[in-house]
Amino acid sequence: MATVALKEVTKVFPGGTVAVDGLDLDVADGEFLVLLGPSGCGKSTVLRIVAGLESPSAGSVLLDGELVNELPPRERRIAMVFQDFALYPHMTVGDNIGFPLKLAGAEPGDRQERTSNVAAALGIGDVLGRRPSQLSGGQRQRVAMGRAIVRQPGLFLMDEPLSNLDSGLRAELRAEISALTRELGVTTIYVTHDQAEALTMADRVAIMRNGVLQDVGSPTQVYSRPATLYVAAFLGSPRMNLLEASVYVQLDRHVTLAIGDQALYLPWDDMRSRRMAHYHGERIVVGMRPEALTPVAPDTPGHRLVGKIRYLEHHGHETLAFLDVGATAVALDEPSIPTQRAAASANAAGRGGLGRLLTRFSKGNRG
Ligand code: ATP
C-alpha cells in the first residue's frame, strides 16, 4: 500500500500557464481521495505529477515518505486508468489484463492464474478470449481496471475513468470501483469533474480551482461546511442559494438578517445564530441549500422570508421552485404548486435587482 504527500507543488508549463499552484495534499494509506474541479483546474496535472509523467516546477512529491521527484514512472508501483481505456485492440481480454505481468517477466502459468482471478473478481471471466472491439463500454472499462490491478499496485491513479460511459453504467461502475479499491485496500487518487461521482465515491474530496486547492475533507464536510464561497457554490445540484445579508444582534439576543427589504429573525438557541452573531453590523453571504428550505404559506407566523414564485421546474420525483424575493407575498395557486404550502425563502440582492432563490418541493414535504 502507499501514502502520498505533495508539498508546495507547483507546475508552470512552458508559455507560463500555472496549472498547479502551491499544492499541499496528503493521501493516507488505503484512502480513496477524489480530486474534483472544473475543466482546466489542474486535476490531471496533479495526477500526472504523482505518476511521474510530469515533473513539478517546484515542491516535493513523496510516496511512502520517500522523495520521488526524480523517480521514473515505472519504479513508482502505481497503476493508472484513463478515460479512453487504452486497451490493445489486437490482443484478447486475457492478454490485455495479463500484459503488465508479461512485462514484469511472470511465468505463463502464474500469469494465467492471476489474470483469471482478476477477471473473475471483475465479472468478466467469461469474455477472456474476446478482443476489445467485441466488448461493451462497461466491459472494456473492467478490462482496463483488471489490467491496472493485476500487478497489485500500491497506488491507483484514475483520470475520469467513467466519463465515456452512459449515466446508468457510470453509476453501476462507480459503486464497483469503490467496492473493489476498498476490498483491495489500495490507495486511490481519482480525478473527476462530476460532483456526484466525487461525493459518492470518496473518503475525502479535494476541490481545486485555477490550480489552487480550495477545500479538502469528507464529502459531508465539504458539502455542509464548505471552506470557501467557491466550494459552497460549486457543490450541490441544484446549487446552494447565496444571499447577501446584514447581521444585527438585537437586545433580546435574536439575530436578524436583513436581506433585501426583508428581515429574517433567527432564534438565539439556533447554533447558526451564535455563529452569525460574530458578524454584528457586517455584510455577509448566507448559504441556504434548497433542500434545507421549507415552503410555507405566506401568512404562516415564524422565521421566514417571502418570495414570489417565478417558475417551477418539474423533475418527476420533485419540483424546484425559483423565487424572486421582494415585498410581494407569494400567490398560492393550489393546482400549480405540488404542495399546500408556498415558498418561504428567497434570494435578495438588494433594491437594485431581485435575486433568484431556489427551493424544492418533494413529495415528502407535501401538506
Ligand atoms: P480537464 O478536466 O479538462 O482534463 P484538468 O482540471 O485536468 O482539466 P489539466 O489538464 O491539469 O486540467 O490542465 C490545467 C491547465 O494546464 C490548463 O490550463 C491546461 O490548458 C494547461 N496544460 C495542461 N497540460 C499542458 C501542457 N502540456 N502544456 C501547456 N499547458 C498545459
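Reading guide: rules and limits
- Residues numbered from 1 in each chain as written.
- Predicted model: local features only at pLDDT ≥ 70, side-chain atom pairs only at ≥ 80, totals over all residues.
- Helix = DSSP H or I, 4+ residues; strand = E, 2+ residues; numbered from the N terminus.
- Buried ≥ 20, exposed ≤ 12 C-beta atoms within 10 Å, placed from the backbone.
- pLDDT = per-residue confidence, 0-100.
- Contact = placed C-beta atoms within 7 Å.
- Axes fitted to C-alpha atoms, helices over the stretch in contact; angles between N-to-C directions.
- Parallel < 35°, antiparallel > 145°, perpendicular 65-115°, else oblique.
- Left-handed = near helix turned anticlockwise from the far one by under 90°.
- Pairing = 2+ DSSP bridges.
- Core = buried A, V, L, I, M, F, W, Y, C linked by C-beta atoms within 7 Å.
- Expected span 1.5 Å × (residues − 1).
- Arc of directions from axis to C-beta.

1. Regarding the overall build of the protein chain
Turning to step 1, where the next piece is worked out: In terms of helices and strands, the protein chain carries 9 helices and 17 strands.
Turning to step 2, where the next piece is worked out: Each of the 367 residues in the protein chain was classed as buried or not, and the buried ones make up 37%.

2. Examining the confidence of the model for the protein chain
Turning to step 1, where the next piece is worked out: Per-residue confidence for the protein chain gives a mean pLDDT of 82, with 87% of residues at or over 70.
Turning to step 2, where the next piece is worked out: Within the model, the stretch residues 327–356 combines pLDDT values under 50 with 80 contacts to residues more than four positions away or in other chains.
Turning to step 3, where the next piece is worked out: Note on residues 362–367: pLDDT is under 50 here. Beyond four places in sequence and across chains, it has 9 contacts.
Turning to step 4, where the next piece is worked out: Across the whole predicted complex the pTM is 0.82, and at the interface the ipTM reaches 0.96.

3. Some details on helix H1 (residues 43–51)
Turning to step 1, where the next piece is worked out: Burial runs high along H1: 7 of the 9 residues are buried.
Turning to step 2, where the next piece is worked out: Trailing H1 by a residue or two, Gly 52 shows a phi angle of about 90°, which is positive.

4. As for the packing of helix H4 (residues 137–149) against helix H5 (residues 167–184)
Turning to step 1, where the next piece is worked out: It is the contact of H4 with H5, at a shortest axis distance of 11 Å, that shows an interaxial angle of 15°. Classified by the angle their axes make, H4 and H5 are roughly parallel. Remark: the crossing between H4 and H5 carries right-handed chirality. The residues of H5 that touch H4, namely those facing Gly 137, Gly 138, Gln 141, Met 145 and Ile 149, are Leu 169, Leu 173, Ile 177 and Leu 184.

5. Some words on the sheet that holds strand E7 (residues 155–159)
Turning to step 1, where the next piece is worked out: Across the sheet, which stays open at both edges, the 6 strands sit in the order E6-E7-E8-E3-E9-E10 with mixed pairing between neighbours. Two strands bound the open sheet, and with one partner strand each, they are strand E6 (78–81) and strand E10 (212–217). Neighbour-to-neighbour, the strand axes of the sheet open up by a mean angle of 15°, direction not taken into account.
Turning to step 2, where the next piece is worked out: With 4 bridges joining them, strand E3 (residues 32–36) and strand E9 (residues 204–209) adopt parallel strand pairing. Residue pairing for E9: Leu 33 is matched across the bridge by Arg 204.
Turning to step 3, where the next piece is worked out: Most of the contacts of H4 go to E6, to which it runs at about 170°, and overall it touches E6 and E7.

6. Considerations on the nonpolar core
Turning to step 1, where the next piece is worked out: Counting 64 residues, the largest nonpolar core has Val 34, Leu 157, Ile 189 and Ala 206 as its most contacted members.
Turning to step 2, where the next piece is worked out: Leaving out residues up to four positions away in the same chain, Leu 157 has contacts with Leu 47, Val 50, Ala 51, Ile 78, Met 80 and Ile 189.
Turning to step 3, where the next piece is worked out: Residues Leu 243, Ala 245, Leu 257 and Val 306 belong to the second largest nonpolar core, which totals 9 residues.

7. Points about the pairing of E9
On a regular strand, one side chain projects to one face of the sheet and the next to the other, so that they alternate.
Turning to step 1, where the next piece is worked out: Two elements, E9 and E10, share 5 bridges in a ladder whose sense is antiparallel. Its bridge partner being in E10, Arg 209 is matched across the sheet by Val 212.
Turning to step 2, where the next piece is worked out: Count of turn residues in the E9/E10 antiparallel hairpin: 2 residues, of which Asn 210 carries a positive phi of about 50°.

8. Some points on helix H3 (residues 108–121)
Turning to step 1, where the next piece is worked out: Taking 1.5 Å as the rise per residue, H3 with 14 residues should run 20 Å; its terminal C-alpha atoms sit 20 Å apart, in good agreement.
Turning to step 2, where the next piece is worked out: Among the residues of H3, Arg 111, Thr 115, Val 118 and Ala 119 are the ones counted as buried. Looking straight down H3, one finds that the buried residues subtend no more than 100° of arc, so they occupy a single side. Facing away from the buried side of H3 by over 90 degrees, the exposed positions are Gly 109 and Asp 110.
Turning to step 3, where the next piece is worked out: Those residues of H3 hidden inside the fold are in contact with helix H2 (93–103) and H4.

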